Structures are given as structure tokens and as C-alpha cells.
Amino acid sequence: MPLEAAATQSMSKQHKAFLRKLYLAHLMDDERHNLLSLNKLTGMPRRTLQDSIAAFEDIGIKVEFVQDGSRNNAGYYRIVTWGPISSAWVDTHVDEIAAIIGVNASSEALA
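Numbering of residues starts from 1 in each chain and follows the order in which that chain's sequence is written. Residues qualify for local features only when their pLDDT is at least 70, as the model is predicted, and side-chain atom pairs are given and counted only at 80 or more; totals for whole chains, interfaces and linings, by contrast, use all residues. Neither water nor hydrogens contribute to the side-chain values; these are computed over all heavy atoms in the structure.

Colleague: In this structure, what is going on with the overall build of the protein? I would like to understand it.
Modeller: Secondary structure assignment for the protein yields six helices and two strands. Helical segments are the DSSP runs of H or I of at least four residues, strand segments are the runs of E of at least two, and each set is numbered from the N terminus. Along the protein, from the amino end to the carboxyl end, the secondary structure elements read α-α-α-α-β-β-α-α. Each residue's exposure class comes from its accessible area (1.4 Å probe, protein chains only) as a fraction of the maximum for that residue type: buried when under 20%, exposed when over 50%, partly exposed otherwise. For the protein, with 111 residues in total, the buried portion stands at 39%. In what follows, a contact means two residues having at least one pair of non-hydrogen atoms within 4.5 Å. Relative to all contacts within the protein whose residues are 6 or more apart in sequence, the contacts with residues 24 or more apart total 54%. Just so you have it, the protein exposes about 6,600 Å², and 49% of that area is on carbon and sulfur atoms. Using the Shrake-Rupley algorithm and a 1.4 Å probe, accessible areas are obtained, with residue cover drawn only from the displayed protein chains.

Encoded structure:
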């Protein structure tokens, strides 16, 4: 089922959570992001971001936090592997995914 058709139907919380993880992984794969930059870019609450990132492995995406400085939170997230997920597919559908989860994808280009 295409994403547009899925968006017009009632979508489960689990499906939105899955798409949120794909979207966040896409952002982390394109640029260096930490919780603060992801919060500013997406408008998602910090706790939602933390929960989504912690659950990446549930869908096969491996992520690591790269320490970049002396403070514990100084650094960025890096995608190690997308596992069974096609990052090319996510790249192609990122605008649709953003619309479904309620994030303005065009703000990504401005960041």
C-alpha cells in the first residue's frame, strides 16, 4: 500500500512510531545530530526522540553515539547499519513520511 493511501486511512500508533524511527534514522544518516539538534529540527519532544532512538534495534537499525568532546552529551548519533531497511527507499519517501508523522520535511533543507 502506498504511503499516500495509508495516510488517508486511520494509521496505528505503531505504524507512526515505525515511520518516526525511519525519519530520524534518515536525518542521522545525512548529518551529525544530537538530541538538541533533532529536537530543534523536528519539534519532537526530547523523550520521544530518546525512546525512538532506543528502539531502533527493534527494526534492525544499529546506531551509536559518537562522543565528541569532554561532556557526556557532547557528540552525535551515527547510523552503523540500516539492517533490513532500505535507506534508498526512505530517502525517496522522506517527504511523505514527514507528512504522516507531522514534521515539516522542508525545514530539513534549511538546517
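Colleague: Hey, could you run me through the pattern of salt bridges in this one?
Modeller: Pairing between side chains of opposite charge can happen when their charged atoms approach one another. Salt-bridge detection follows one rule: a side-chain nitrogen of Lys or Arg within 4 Å of a carboxyl oxygen of Asp or Glu. Using the criterion set out here, one finds two salt bridges in the structure. The partner of Arg-47 in a salt bridge is Asp-51, and the shortest N-O contact between them spans 3.1 Å. Remark: Asp-51 and Arg-47 occur in helix α4 (residues 46–54); sequence separation between them is four residues, near one turn of the helix. For Asp-51, a relative accessible area of 40% translates into the label partly exposed.

Colleague: What am I meant to see in the packing of helix α2 (residues 13–30) against helix α3 (residues 35–42) here?
Modeller: Pairs of packed helices are described in terms of their axes, by the angle between the two and the distance that separates them. In this description, a line fitted to the C-alpha atoms serves as the axis of each element, helices being fitted only across the stretch in contact, and the angle between N-to-C directions of two axes falls anywhere from 0 to 180 degrees. Orientation of α2 relative to α3, taken along the N-to-C sense of each, is 120 degrees, at an axis distance of 12 Å. The handedness of the crossing between α2 and α3 is right-handed. Residues Tyr-23, Leu-24, Leu-27 and Met-28 of α2 lie in contact with α3, whose contacting residues are Leu-38, Leu-41 and Thr-42. It is the rotation of the near helix from the far one that decides the hand of a crossing: anticlockwise by less than a right angle makes it left-handed, clockwise makes it right-handed.

Colleague: Is there a simple way to think about the environment of Lys-62 in this case?
Modeller: Residue placement: Lys-62 occurs in strand β1 (residues 62–67). By relative accessible area, which is 40% here, Lys-62 ends up partly exposed.

Colleague: Quick question: what am I supposed to make of α2 here?
Modeller: Owing to its 3.6 residues per turn, the α-helix aligns residues three or four sequence positions apart on the same side. Under the convention used throughout, the expected extent of a helix is 1.5 Å for every residue step, that is, one less than its residue count. The end-to-end C-alpha separation of α2 is 26 Å, in line with the 26 Å expected for 18 residues at 1.5 Å each. All of the buried residues in α2 are Leu-19, Lys-21, Leu-22, Tyr-23, Leu-24, Ala-25, His-26, Leu-27 and Met-28.

Colleague: So what exactly am I meant to see when it comes to the packing of aromatic side chains here?
Modeller: The geometry of an aromatic ring pair is captured by two quantities: the separation of the ring centres and the angle between the planes. Only centres within 6.5 Å qualify two rings of Phe, Tyr or Trp (six-membered ring in Trp) as a pair; their planes then separate them into stacked at under 30 degrees, edge-to-face at over 60, and tilted for everything else. Within this structure, the stated rule accounts for one aromatic pair. On the basis of an interplanar angle of 70 degrees and a centroid distance of 5.1 Å, the ring pair of Phe-65 and Tyr-77 is categorised as edge-to-face. In this pair, Phe-65 is assigned in strand β1 and Tyr-77 in strand β2 (residues 75–81), connecting sequence segments twelve residues apart. The class for Phe-65 is partly exposed, based on a relative accessible area of 33%.

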